[in-house]
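Fold and contact review
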Amino acid sequence: MSAVKIKAEEGKVLEKTANGRGKIRPEQIVNAFEKKFGKKFSARIETKKHKARKIVVVKMVWAKIDKSLFKEAVAFLCELYPRVHFSVASGYDLGKTIELIYHFAIGFGGSLEEFLFNLKVVLPKKDLVLESITDLIPGALISERELQEMLGVKIKGIPDSRRLFLPKEIPKGVYPLRRDSKGPEKLVRNLNEAGKK
Amino acid sequence: MNSGKIIEKKYRERKPDKPVKKKRDRKSYSLSIGPIHPALKEPVRFDLKIEGEKVVNVDFELSQVHRGIEWAGTRRNPVQIIYLAERICGICNICHSACFCIAVENIAGIGVPARAHYIRTIYGELERMHSHILWAGVAAHELGFDSVMYYTWKVREKVMDVMEALAGNRITKGIMMIGGVRRDIKEKQVPMLKEALEYYKKGFGKLGDIFLKDPVIKSRTVDTGILSKQDGLALCAVGPTARASGIKKDVRQDAAYAAYSDLDVKAITPKNLLGEVKGDVFDRIVVRLLEVKQSVEIIEECLKQMPKGKIVYEEKIPKLLAELRSVEGDGIGRIEAPRGEVIHYVKLVGEESPFCWKVRAPTYNNLLPWGPMLMGEQVADVPIIAASTDPCMSCTNRAVVTDGNNEEVLDNEAMRRLSVEKTNALKRRVGR
């Protein structure tokens, strides 16, 4: 099973993770990325004020990376901040492309210091393949399995490519979050036929 | 006891005609638990490889209750989604609805009145109290202490009553709204809330004694189901599961939302009470009990500091919806639910319904840590370890033991009996 296999293989990453401490600001990360990846990386830092009694400034990074550099970018992020926490990956279908957003949380443990780093990668429908990041962050497995079954994105090098959330009754080749002909529309229209052979 | 023998015995009783092999070639067996089990709340199927009584490999299967809520959400307007989000989970209904509201507020730049922030905080903490106490009862049941379960659930009733009095409902309270909350906490309701808090302050000592000092509970839970800090970090664990392994991760402390930015909340680890972190089931009990105490303190602080004023940004729903129809952008809401961090990602594109709505519940991240926790443990410990992450996805009613072509059903009672027998054996050993 995946989790167990991962446990055996992840030694190297773990040592790094345990040692990594110290603060990092969103600007530092964006600058480092721009320096390394140049024009293939773009980012904006969203600043918002949260006001209860006190006013607190909340920052968030929305970044975009070229598909070919995605794995490298995640590796670079893990290098910059080894204790990076992978939250989840979301994705949606835009017709000709599918956009995936990987949400990373950086800087937990302090007081109101954590911020989100949202890394977007655009995949053309003709070539829906993305590299797996489970060797860098083993906890990303659940999200990757979900992307595979929900959006039909092929994750290259995923240690466990079975379905996770979708029941067996949903036929292969149907991806519930797609908005094209591979979407679930037909199934939804014929719900009365569900489960019949 | 030896579960292998029990299984074999039952097998012989049921199918006497079939010859039983004297020698088995295989050392390990596959033990499948679930998908339904009353001990946990929702369905998941465990597929364990066991050698004798030792778990050597762990796999799990979800998908029994996938309802396509995210898909349904993209066909509704944001206000309708609040009520849909509330039904993602009965226990965490405040978290999911508030989290969706925060995400939409972030996109539209809607300012929430300060009083609404405090009311959200109070509801969030009441929910944490009831969820943790509910879990403590479930844990006691798993260990075979049913009288403790009844006692803890009796204690829990008080907070349920308070929520019913405040919101009109015990669960699915329908209190959240984009830009604030729907009902105020009135002056005359405050004494009742304070009285409940006093009740928990007094009752906490007894609950703590039962769970933290009882030698049998200790020997069942200490050094059982260990999740190391490294594994917790690598597998992205969240909530009490992560904190019990010494990872100081708590959204209330790390990010500003609701009134927590005023309150200076600190993540609780077992170090606060025990002085060391092991990451076992006992540590998870400690963290949850300390968090109940922390919630009481947070609510008291909120009641002290709560400002007066409006409770919602826009009272007229059609006007609010019209405003949301003209907004475009991405937004993220994050909340510390009782079980860990909840994240909602919403993408609005200037239409009636959101283009994308992604929900990440805490159990999602606490699935993989089951691997290292269950590895090398005994079958009788599986229920309490699986329950110790407080999975919000139910579980183990029956288990199918497969040995080649033969199948044997080990039902819930048999499974729980294994657990209870182990407790009784320990009781005898410690002389109680």
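Attention now goes to the overall build of chain A. Assigned secondary structure in chain A consists of six helices and seven strands. Helices and strands appear in chain A in the N-to-C order α-α-α-β-β-α-β-β-β-β-α-β-α. The contacts in chain A between residues at least 6 apart in sequence include a share of 54% that link residues at least 24 apart.

The strands making up a sheet associate through backbone hydrogen bonding, with each pair oriented either parallel or antiparallel. Residue and element names in this part refer to chain A. Across the sheet, five strands lie side by side as 1-2-5-4-3; this open sheet has mixed pairing. At either end of the open sheet lies a strand with only one pairing partner, and these are strand 1 (41-51) and strand 3 (85-93). Taking the axes of each pair of neighbouring strands and ignoring which way they run, one obtains an average angle of 20° across the sheet. Two strands pair when backbone bridges link them, and strand 2 (residues 55-65) and strand 5 (residues 115-124) are joined in this way by six bridges, in the parallel orientation. Looking across to strand 5, one finds that Lys 64 is bridged to Lys 120.

Here the focus is helix 5 (residues 114-143) of chain B. Residues and elements named next belong to chain B. Taking 1.5 Å as the rise per residue, helix 5 with 30 residues should run 44 Å; its terminal C-alpha atoms sit 44 Å apart, in good agreement. The element helix 5 is extensively covered by neighbouring structure, given that 29 of its 30 residues are classed as buried. Two residues or fewer after helix 5 comes Gly 144, characterised by a positive phi angle close to 95°.

Here we come to the pairing of strand 4 (residues 97-106) of chain A. Residues and elements named next belong to chain A. Here strand 4 lies mainly inside the structure; eight of its ten residues are buried. Here strand 3 pairs with strand 4 via eight bridges, running antiparallel. The residue of strand 4 that forms the bridge with His 85 is Ala 105. Hairpin remark: strand 3 followed by strand 4, antiparallel, with three residues in the connecting loop; positive phi at Gly 95, about 100°. Note that strand 4 and strand 5 share ten bridges and pair antiparallel. Within strand 5, the position partnered with Glu 99 by the bridge is Val 122.

Another point: the domain arrangement of chain B. Residues and elements named next belong to chain B. Taken as a whole, chain B is organised into domain 1 (3-65 + 372-430) and domain 2 (69-220 + 302-360). At the interface, twelve residues of domain 1 touch 15 residues of domain 2. Mapped by element, the contributors of at least two residues to the side of domain 1 that touches domain 2 are helix 18 (382-388) and helix 19 (412-430). In terms of residue count, helix 19 provides more of the side of domain 1 that touches domain 2 than any other element does, six residues in total. Of the residues belonging to the side of domain 1 that touches domain 2, the class tally is eight nonpolar, two polar and two charged.

Taken together, the contacts link 47 residues of chain B with 45 residues of chain A. Top element by residues in the side of chain B that touches chain A is helix 9 (residues 229-234) of chain B. It accounts for five residues. Broken down by class, the residue content of the side of chain B that touches chain A amounts to 24 nonpolar, 13 polar and ten charged.

On to unusual backbone geometry, then. Residue A:Leu112 is not a glycine yet carries a positive backbone phi of 55°. By the element assignment, A:Leu112 lies in the loop between strand 4 and strand 5. A positive phi is found at B:Ala258, a non-glycine position, where the angle reads about 45°. Position of B:Ala258 relative to the elements: it lies in the loop between helix 11 (251-254) and helix 12 (260-263). Assessed through the 26 C-beta atoms surrounding it within 10 Å, B:Ala258 is described here as buried.

The rules behind the values
Residues numbered from 1 in each chain as written. Chains lettered and ligands numbered in written order. Predicted model: local features only at pLDDT ≥ 70, side-chain atom pairs only at ≥ 80, totals over all residues. Helix = DSSP H or I, 4+ residues; strand = E, 2+ residues; numbered from the N terminus. Contact = placed C-beta atoms within 7 Å. Pairing = 2+ DSSP bridges. Axes fitted to C-alpha atoms, helices over the stretch in contact; angles between N-to-C directions. Expected span 1.5 Å × (residues − 1). Buried ≥ 20, exposed ≤ 12 C-beta atoms within 10 Å, placed from the backbone. Domains from an automatic or database assignment. Nonpolar A, V, L, I, M, F, W, Y, C, P; charged D, E, K, R; others polar.

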